[in-house]
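# Observations on the three-dimensional arrangement
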Amino acid sequence: MYQDSTQELVIEAGRRERHYWQDLWRYRELFRVLAWRDISVRYKQTVIGAAWAVIRPFLTMMVFTIIFGKIARLPSQGAPYALLVFAGLLPWMLFSTALADASNSLVNNANLISKVYFPRLIVPAATVIVSLVDFLISLAILVILMIWYQYLPGWPILLLPVFVAIAFLTSLGPALWITALNVKYRDFRYVIPFVVQLGLYVSPVGFSSSIIPEQWRLLYSINPMVGVIDGFRWCILGRDNQVYLPGFCIGIGVTGILLWLGLRQFRQLERNFADLI
Amino acid sequence: MSDAVITVENLSKCYLVGHQSAQQERYTSLRDVIAREVHNFGHKLVDLARGRQIIQGDEIEEFWALKDVSFRITRGEVVGIIGRNGAGKSTLLKILSRITEPSEGRVSIKGRLASLLEVGTGFHPELTGRENIYLNGAILGMTRAEIKRKFDEIIAFAEVEKFLDTPVKRYSSGMYVRLAFAVAAHLEPEVLVVDEVLAVGDVEFQKKCLGKMGEVAGRGRTVLMVSHNTHAVRALCKSTITLDSGRLLYFGDTDKAIRLYDGSLSEDSRETRVVLYDKPRALTRDPRIQLLAINLEQKKAATFGAGYSIGIDVEVREAISSVVFGVGFCSKSGIRILSSDSDYSGSPLFDFVPGKHRINCSFQSLPLAPGEYLLDVGCRSSGLTLYDEIKGAFLLEVLPPNDAPPQFLQKFTTCVVKSVWEKVDEDIGC
């Protein structure tokens, strides 16, 4: 059982959960099981199963390489253009699938929400884990690509997990907000595909952020994914892909603010989920 | 008193329900509709920004699902909760299991509480029986070690050993339910809260479930169970709570609680009230008059050939005169079989001042053959302008009388009336 047997539980109107984070930790088992469920169900009843996790980024990479690298002839900062695109695509895919899945997570688990108690934060958090599995598969493709191009990464590759974590947190903030609002107003499910589609072109996925004119770079960095993608390229490709530090700090700041706003909104609405869903 | 496991004080839960206001229909010009929608949209945006609940409709009504409920349950007690539909049983359980929070009042619970509001919560059809046991167990609050320990017991109880590695979507509904209940039955909390979940599976399995519940209760656990099955409640619970319209009617001896519950049921069947005001209308009704409810002397049943009367409650908002009322009986496929309007029946046209009124319609001898009929009710002007009409307000069962009419009449017709029959032996001309 997740509850402590000696503790007295008090239920009152408008009572803020005092042991919220502690409670969340106690329910880690459920978090694990839900994440496992989502992962094992993900590719059931599909013909090629996990191959989807390979095909999607690979085809996107090919298209972007041809359009931005061959036709538009954008600079590739010394690395093969395919690698440049793929290094940008990795965090973007992680971000967008995490955002999309987590945004629908509460509504998809409506039967759980209305029948069982647990800290609701577990549901979107567990869903996000699924995108990590897809990310790991994509990472394997990257390794194969790098062997193909005989491209050796430098020491910054060791910092990659840090940027993965930042990409995660960046998706979690808006996802929490949207998923909470989605419980009340189903309009918000239409917002995410749109944001993801638009973001793919607004973020430096198909091109290097260094082609942005210097005077606009700071403004451009308000998009928190700019810093994350730059960081990925720096880790994987190294060389001329320097992280633009002031922009990176702004990105981190925006991520932090979004996360705080998302959590606040989520916790505010959380108590009424069962009544509204 | 220190041994109270669950203490509930003045617990209330209020839901806000929105209605479309009746005023609206009077303004149907496009300009007004647009103005209203813009106005509503503005309100919604403001509510959204403030994080308040948005309610559709512009008349907001409070609905108290629970009102001032207080009780105290001591360790090891098995308490039943009974009450009619909508009495607040499920809401109470939802509050106790922290799914929804109360509007007022306070609950304190000592010890680990597990709730079982539905059998098989979170079962995933694509996963196998084995996987679903772990999943469902975790959702109900068991740790993996706990599930592992009881795994064999669970599959033996559910009798699904052979299909353990089959996705549950291939299970028969009986197997599915048995597996789901088996997981739940092996929960070992200190306080168990159970909604109407015993009514699953075949008779044999139900007996097994009841036995298991009794066993759980016997081990000194505190159990709170909702059930409509008074036999089960009588068998398992020493004391019982009777809820009625969100209020606590009685808490104490099970026999008395059940008598009260039965009493409130039979009282209900003497006069039945069918609420009409929130039923869907095919037409835009006149804002001046609205059908509120139908009152029946007996439960929704009548007897062929016997008298039958219907009370129609209306709410009049503006004085209105020369109103005609009518009722119609339709077959279940919607074909009108019998109609009776007040103006044709020689009754006066009705004039009303604002307020609530009741019109009574009675048949001296109901000519409908035994069977089931849908009742339509409506009101109109003495011309043919319809004010308000509800089609299929309720299903009326017409029973055969004690001196039943010839059998064939029941089988081959829907309407039987008496008429004058005589033999006329005069010149009939050949």
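Here is a short report on the structure shown in this document. (Residues numbered from 1 in each chain as written. Chains lettered and ligands numbered in written order. Predicted model: local features only at pLDDT ≥ 70, side-chain atom pairs only at ≥ 80, totals over all residues. Heavy atoms only, no water.)

### Considering the overall build of chain A
How we decide: Each helix is a run of DSSP H or I of at least 4 residues and each strand a run of E of at least 2, with the numbering of both proceeding from the N terminus. Each residue's exposure class comes from its accessible area (1.4 Å probe, protein chains only) as a fraction of the maximum for that residue type: buried when under 20%, exposed when over 50%, partly exposed otherwise. Using a 1.4 Å probe, accessible areas were evaluated by the Shrake-Rupley method; residue-level cover was limited to the displayed protein chains.
Of regular secondary structure, chain A possesses twelve helices and one strand. In sequence order, chain A lays out its α and β elements as β-α-α-α-α-α-α-α-α-α-α-α-α. Of all 277 residues assigned to chain A, the portion counted as buried reaches 54%. Accessible area for chain A stands at about 12900 Å²; split by element, carbon and sulfur atoms hold 67% of it.

### Remarks on the pairing of strand E6 (residues 191–194) of chain B
All names here are of chain B. Defined as follows: Should DSSP find at least two bridges between two strands, the strands are taken to pair.
Burial of E6 is two-sided: the residues Val191 and Val193 facing one way and the residues Leu192 and Val194 facing the other way are all buried. Bridge analysis of strand E5 (residues 113–116) against E6 gives four bridges, and the strand direction is parallel. In the sheet register, serine 115 faces E6, and the bridge partner there is valine 193. Taken together, the four bridges between E6 and strand E7 (residues 222–226) define a ladder with parallel strand orientation. From the neighbouring strand, valine 194 faces E7, where its bridge partner is methionine 225.

### Quick word on the sheet that holds strand E17 (residues 355–363) of chain B
All names here are of chain B. Rule in force here: All axes are obtained by fitting lines to C-alpha atoms, using only the stretch in contact for helices, and the reported angles, taken between N-to-C directions, cover 0 to 180 degrees.
Ordered in space as E10-E11-E13-E17, the four strands form an open sheet in which the pairing is antiparallel. Strands with a single pairing partner mark the edges of an open sheet, and in this sheet they are strand E10 (272–275) and E17. Each neighbouring strand pair of the sheet contributes to a mean axis angle of 25°, computed without reference to strand direction. Pairing of strand E13 (residues 308–316) with E17, which is carried by nine bridges, proceeds in the antiparallel orientation. Note on E17: the bridge partner recorded for glycine 311 is asparagine 360.

### Quick word on the interface of chain A and chain B
Selection rule: We call two residues in contact whenever any of their non-hydrogen atoms come within 4.5 Å of each other. Buried area, as used here, totals the accessible surface that two parts lose on assembly, with accessibility defined by a 1.4 Å probe and the loss added over both. One side-chain nitrogen of Lys or Arg within 4 Å of one carboxyl oxygen of Asp or Glu is enough to make a salt bridge. In protein, a polar contact requires one atom able to donate a hydrogen and another able to accept it; more generally it is a pair of N or O atoms within 3.5 Å, and residues adjacent in sequence count only if both atoms are side-chain atoms. Gly counts as polar in this scheme, as do all residues outside two lists: the nonpolar Ala, Val, Leu, Ile, Met, Phe, Trp, Tyr, Cys and Pro, and the charged Asp, Glu, Lys and Arg.
If you look at the interface, chain A gives 43 residues, while chain B gives 51 residues. Counting the surface lost from both chain A and chain B, the interface buries some 4100 Å², and carbon and sulfur atoms represent 57% of this. The tally of links between chain A and chain B comes to two salt bridges. Close ionic contact of aspartate 23 of chain A with arginine 98 of chain B constitutes a salt bridge, the shortest N to O distance being 3.7 Å. At the boundary of chain A with chain B, the tally comes to six residue pairs in polar contact (both at pLDDT 80 or more). Residue assignment for the side of chain A that touches chain B shows that the elements contributing at least two residues are strand E1 (8–12), helix H2 (28–42), helix H5 (110–115), helix H7 (160–184) and helix H12 (273–276) of chain A. Here the side of chain A that touches chain B takes nine residues from H2 of chain A, the largest share from any one element. Residues that form the side of chain A that touches chain B fall into these classes: 20 nonpolar, eight polar and 15 charged. The pairing of E1 of chain A with strand E4 (residues 104–110) of chain B spans five bridges and is classified as antiparallel. By the bridge assignment for E4 of chain B, leucine 9 of chain A is matched with isoleucine 109 of chain B.

### Points about the environment of leucine 276 of chain B
Residue and element names in this part refer to chain B. Within the secondary structure layout, leucine 276 lies in the loop between E10 and strand E11 (289–296). C-alpha of leucine 276 to C-alpha of alanine 293: the two residues are 17 residues apart in sequence and 4.7 Å apart in space. Aside from chain neighbours lying at most four places away, what touches leucine 276 is Arg281, Leu291, Leu292, Ala293, Ile294, Val377, Ile390 and Ala393.

### With respect to the packing of aromatic side chains
Residue and element names in this part refer to chain A. Test applied: The pairing test for Phe, Tyr and Trp rings, Trp by its six-membered ring, is centres within 6.5 Å, and the orientation test on the planes gives stacked under 30 degrees, edge-to-face over 60, and tilted for anything in between. Our definition puts a charge over a ring when NZ of Lys or CZ of Arg is within 6 Å of the ring centre and also within 35 degrees of the ring normal.
According to the stated counting rule, one finds 18 aromatic pairs over all chains in the structure shown. The interplanar angle of 40° and the centroid separation of 6.1 Å between the aromatic rings of phenylalanine 64 and tyrosine 201 together place this pair among those described as tilted. You can see phenylalanine 64 sitting in helix H3 (residues 51–71) and its partner tyrosine 201 sitting in helix H8 (residues 188–202), a full 137 residues away along the chain. Residue phenylalanine 64 is classed as buried on the basis of its relative accessible area of 5%. Residue tyrosine 201 is classed as exposed on the basis of its relative accessible area of 51%. Three or more aromatic residues joined by ring pairs make a cluster, and in this case those are Phe64, Phe68, Tyr201 and Phe207. Positioned above the aromatic ring of tryptophan 25, the side-chain terminus of arginine 28 is 4.3 Å from the ring centre. Geometry around phenylalanine 118 places arginine 120 over its ring, the cationic atom sitting 4.9 Å from the centre.

### A short note on the environment of histidine 124 of chain B
Summarising the element assignment, histidine 124 of chain B is placed in the loop between E5 and helix H3 (129–140). Sequence separation between histidine 124 of chain B and leucine 135 of chain B is eleven residues; the distance between their C-alpha atoms is 8.5 Å. What histidine 124 of chain B contacts, discounting residues up to four positions off in sequence, is Arg37 and Val41 of chain A together with Asn132, Leu135 and Val168 of chain B.

### Topic: the pairing of E10 of chain B
One face of the sheet, then the other: side chains in a regular strand alternate in exactly this way. Residue and element names in this part refer to chain B. In E10, alternate side chains face the same way, and those of Thr272 and Val274 are buried while those of Arg273 and Val275 on the opposite face are not. Here E10 runs beside E11; their pairing, made up of four bridges, is antiparallel. The partner of valine 275 across the bridge, within E11, is alanine 293.

### Remarks on the packing of H3 of chain B against helix H4 (residues 144–158) of chain B
Residue and element names in this part refer to chain B. For clarity, the threshold we go by: For classification, angles of less than 35 degrees are called roughly parallel, those exceeding 145 degrees roughly antiparallel, those between 65 and 115 degrees roughly perpendicular, and all remaining angles oblique. By convention, the crossing between two helices is left-handed when the near helix turns anticlockwise from the far helix through less than a right angle, and right-handed when the turn is clockwise.
Closest axis-to-axis distance for the H3/H4 pair is 10 Å, and the angle between their directions is 130°. For the element pair H3 / H4, the angle class is oblique. Where H3 crosses over H4, the two elements pack in a sense that is right-handed. Facing H3, whose interface residues are Arg130, Ile133, Tyr134, Gly137 and Ala138, H4 presents Arg144, Ile147, Lys148, Phe151, Ile154 and Ile155. Here the contact of H3 with H4 is built from residues that sort into seven nonpolar, one polar and three charged.

### A look at the pattern of salt bridges
Should their charged atoms come close, side chains of opposite charge can pair. All names here are of chain B. Applying the stated criterion across every chain, the model contains 20 salt bridges over all chains. Across the salt bridge formed by arginine 317 and glutamate 315, the nearest N and O atoms sit 3.8 Å from each other. The class for glutamate 315 is partly exposed, based on a relative accessible area of 22%. For glutamate 389, the salt bridge identified is with lysine 391, shortest N-O distance 3.8 Å.

### Some thoughts on the nonpolar core
Here is the rule we go by: Only buried residues count toward a nonpolar core, which is a set of Ala, Val, Leu, Ile, Met, Phe, Trp, Tyr and Cys residues joined through side-chain atoms within 4.5 Å.
Of all hydrophobic cores here, the largest spans 113 residues; its most connected members are Phe118, Phe232 and Ile236 of chain A together with Ile6 and Leu224 of chain B. Among the elements that take part in this core, helix H4 (residues 81–108) of chain A stands out by supplying 17 residues, more than any other. Ignoring sequence-local partners within four residues, the contact set of isoleucine 236 of chain A consists of Ala87, Leu90, Leu142, Met146, Tyr151, Pro153, Ile157 and Leu160 of chain A. In terms of nonpolar packing, the next biggest core, distinct from the first, is built from 44 residues, Ala114, Ile147, Phe151 and Val223 of chain B among them.

### Considering the packing of H4 of chain A against H7 of chain A
Residue and element names in this part refer to chain A. Orientation of H4 relative to H7, taken along the N-to-C sense of each, is 30°, at an axis distance of 8 Å. Here H7 runs roughly parallel to H4, going by the angle between their axes. Our pair here, H4 against H7, has a crossing hand that is right-handed. Taking contact as the criterion, the partners of Leu94, Phe95, Ala98, Leu99, Ala102, Ser103, Asn104, Ser105, Leu106 and Val107 in H4 are, on H7, Val164, Ala167, Thr170, Ser171, Pro174, Ala175, Ile178, Thr179, Ala180, Asn182 and Val183. Residues that form the contact of H4 with H7 fall into these classes: 14 nonpolar, seven polar and no charged.

### Comments concerning unusual backbone geometry
Residue and element names in this part refer to chain A. With a phi angle near 50°, arginine 73 is a residue other than glycine that sits in the positive phi range. Looking at where arginine 73 falls in the secondary structure, it is placed in the loop between H3 and H4. Despite not being glycine, glutamine 150 shows a phi value in the positive range, around 50°. Given a relative accessible area of 72%, glutamine 150 falls into the exposed group.

### Remarks on the sheet that holds strand E8 (residues 239–244) of chain B
Residue and element names in this part refer to chain B. If you trace the six strands from one edge of the open sheet to the other, you get E5-E6-E7-E3-E8-E9, paired in mixed fashion. Among the strands making up the open sheet, the edge pair consists of E5 and strand E9 (247–253). Pairs of neighbouring strands in the sheet enclose a mean axial angle of 15°, with direction left out of account.

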